[in-house]
Amino acid sequence: MSPAPRRSRNAGDVTPLEPALVARFRADVTRLSVGRRLALAVSGGPDSMAMLALAAAAFPGLVSAATVDHGLRAASADEAAMVAGYCATLGVPHATLAIAEPRPATGNLHAWARRHRYALLSRWAVDAGCDALLTAHHADDQAETFLMRAARGSGVAGLAGIRARQPRAAPAIVRPLLGWRSAALRAIATAAGAPFVDDPSNRDPAFERARVRTTLAAIDWLDPLRLAAAAAHAAEAEDALAAMTRMLWSERARETPGDVTVTVADLPREIRRRLAAHALRTIDPATATNTIESLLESLEAGKRATQGSVLASAAGEIWRFRPAPPRRSH
């Protein structure tokens, strides 16, 4: 059973926020070049309710909000109604979106809910004429993500964590709160008179993120803001490597239908890895490219190797990629 909504002493009233906080939020959103009309993903937690209060103050008349009723908890419909009620006090249009597909009996339930949540919110934001979809991911979320991926041995792309802006999505997905602490956002929601609920799964040790959150809180020298900054540096490095890969692809790759060759002479291994991954996806977009170390080793040794449905071979420093021939049946 979900806990009852927590309310400040001014619950139901529109309490003005500190101008400095509103100005900071406005600057963070503007820096991400999100356009004019804003769509907010508001779950009813303290972080998203704080974002709602800040956005309504910073961009009056330009904000719409939506809550996804995922149906995973008995109280999810009541939580969506709670958000709708607070939006009404702010003069912010609100929509409740429901996942129509039945929940799966097996598999990763959270991944299923996340996929449907983003799909629903993105369609709603486009229909509402909004230029960007804002989510309330914050510095503590970023720190947890960084630690989880570091523990798995992730490379630069993984350590980049939660990106502040995903412009290739339609609309752009924007996270303006990555420099804000969770405790500060809770204080803002309380000061604004916003009701909110705490998702009990956030404290459930069955989930990796909850365990990392507990560990992070227990180690005082692990500063979430510094970990979030490390993720931001990794994101900059990832963007630079991606740009270099695109440039080198245009210079060194030769594409014909069903055949790609790439000259990899004098390139560091990471760039070779990225060019090989791009070539694999060019031949077959469904080919998995997250684990291609054995493929790289074979190519660097001048051998052939198969990754999924793609055959790769090396002639000196020229790597060739083409569809693998069908396997013989016996």
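Note that the structure is a prediction, hence the values are computed from the model and not measured.

Analysis parameters
- Residues numbered from 1 in each chain as written.
- Predicted model: local features only at pLDDT ≥ 70, side-chain atom pairs only at ≥ 80, totals over all residues.
- Heavy atoms only, no water.
- Salt bridge = Lys/Arg side-chain N within 4 Å of Asp/Glu carboxyl O.
- Helix = DSSP H or I, 4+ residues; strand = E, 2+ residues; numbered from the N terminus.
- Buried < 20%, exposed > 50% of the residue type's maximum accessible area, 1.4 Å probe, protein only.
- Contact = heavy atoms within 4.5 Å.
- Pairing = 2+ DSSP bridges.
- Axes fitted to C-alpha atoms, helices over the stretch in contact; angles between N-to-C directions.
- Core = buried A, V, L, I, M, F, W, Y, C linked by side-chain atoms within 4.5 Å.
- Domains from an automatic or database assignment.
- Polar contact = N/O pair within 3.5 Å; in protein donor to acceptor, adjacent residues only side chain to side chain.
- Arc of directions from axis to C-beta.

Student: Before we move on, could you go through the pattern of salt bridges and cite the residues and values that matter?
Tutor: Inspection of every chain in the model, using the stated rule, returns 17 salt bridges. With a closest N to O distance of 3.2 Å, glutamate 144 and arginine 209 form a salt bridge. Here glutamate 144 is found in helix α5 (residues 139-151), whereas its partner arginine 209 is found in helix α8 (residues 208-218), with 65 residues between them in sequence. Look at arginine 209 and you get partly exposed, because its relative accessible area is 27%. Ionic pairing is found between arginine 272 and glutamate 300, a salt bridge with its closest N-O pair at 3.8 Å. Of this pair, arginine 272 sits in helix α10 (residues 269-283) while glutamate 300 is found in helix α11 (residues 293-300), placing the two residues 28 residues apart along the sequence. Under the relative-accessibility criterion, arginine 272 is labelled buried at 12%. The exposure class of glutamate 300 is partly exposed, given its relative accessible area of 38%. Look at the salt bridges and you will find they share partners, linking Glu238, Arg269, Glu270, Arg272, Arg273, Arg274, Glu293, Glu300 and Glu317 into a network.

Student: Tell me about the environment of arginine 254, residues and numbers included.
Tutor: With respect to the element layout, arginine 254 can be found in strand β7 (residues 253-256). You can call arginine 254 exposed: its relative accessible area is 51%. Along the backbone, arginine 254 and alanine 279 are 25 residues apart, and their C-alpha atoms lie at a distance of 10.0 Å. Among residues more than four places away in sequence, those in contact with arginine 254 are Asp259, Val260 and Thr261.

Student: I'd like a rundown of the sheet that holds strand β11 (residues 318-323), residues and numbers included.
Tutor: With antiparallel pairing, five strands are arranged side by side in an open sheet as β7-β8-β11-β10-β9. Each edge of the sheet is formed by a strand with only one pairing partner; in this case those strands are β7 and β9 (305-307). Here the average twist between neighbouring strands, direction ignored, is 20 degrees. Here strand β10 (residues 310-315) runs beside β11; their pairing, made up of six bridges, is antiparallel. Each residue of the ladder has a partner; that of serine 313, found in β11, is arginine 320. On the sheet, helix α9 (residues 224-252) packs against β7 and β8 (259-263) and is oriented at approximately 65 degrees with respect to β7.

Student: Report on the sheet that holds strand β4 (residues 132-134), specifying residues and quantitative values.
Tutor: Read across the open sheet, the six strands follow the order β3-β2-β1-β4-β6-β5; overall the sheet is mixed. Both outer strands of the open sheet, β3 (94-98) and β5 (165-166), are each paired with one neighbouring strand and no more. In this structure, strand β1 (residues 38-41) lies alongside strand β2 (residues 63-69), joined through four bridges in parallel fashion. The residue of β2 that forms the bridge with leucine 38 is valine 63.

Student: Give a detailed account of the nonpolar core, specifying residues and quantitative values.
Tutor: A general tendency of soluble globular proteins is for nonpolar side chains to be buried together. Counting 41 residues, the largest nonpolar core has Phe25, Leu40, Met49, Leu52, Phe59 and Leu134 as the members making the most contacts within it. Sorting the residues of this core by element identifies α1 (19-31), β1, α2 (46-58), β2, α3 (76-90), β4, β6 (172-174) and α7 (182-191) as the ones contributing at least two each. Per-element tally for this core: the top contributor is α2, with nine residues. When neighbours within four sequence positions are excluded, phenylalanine 25 is seen to be in contact with Met51, Leu54, Ala55, Ala58, Phe59, Leu134, Pro176, Leu177 and Trp180. Core analysis: the next-biggest nonpolar cluster, separate from the first, contains 25 residues, Leu241, Ile271, Ile292 and Ala305 among them.

Student: Tell me about the domain arrangement of the protein chain, residues and numbers included.
Tutor: Split by domain assignment, the protein chain resolves into domain 1 (19-232) and domain 2 (257-323). In this structure, domain 1 and domain 2 have C-alpha centres spaced 38 Å apart.

Student: For the environment of aspartate 131, give the residues involved together with the corresponding values.
Tutor: Here aspartate 131 is to be found in the loop between α4 (109-127) and β4. Relative accessible area serves as the criterion here: at 38%, aspartate 131 is assigned to the partly exposed category. For the pair aspartate 131 and alanine 164, spaced 33 residues apart in sequence, the C-alpha to C-alpha distance is 15 Å. Apart from the residues lying within four places of it in its own chain, the contact partners of aspartate 131 are Val34, Gly35, Arg36, Arg37, Pro171 and Ala172. A distance of 2.8 Å separates a polar atom in the side chain of aspartate 131 from the backbone nitrogen of arginine 36. Reaching out from aspartate 131, the side chain makes a polar contact with the backbone nitrogen of arginine 37 at a distance of 2.9 Å.

Student: Describe α7, and please don't skip the residues or the numbers.
Tutor: Those residues of α7 lying buried are Leu185, Ile188 and Ala189. End-on view of α7: buried residues confined to an arc of 100 degrees, all on one side of the axis. Within two residues after α7, glycine 193 carries a phi angle of roughly 75 degrees, on the positive side.

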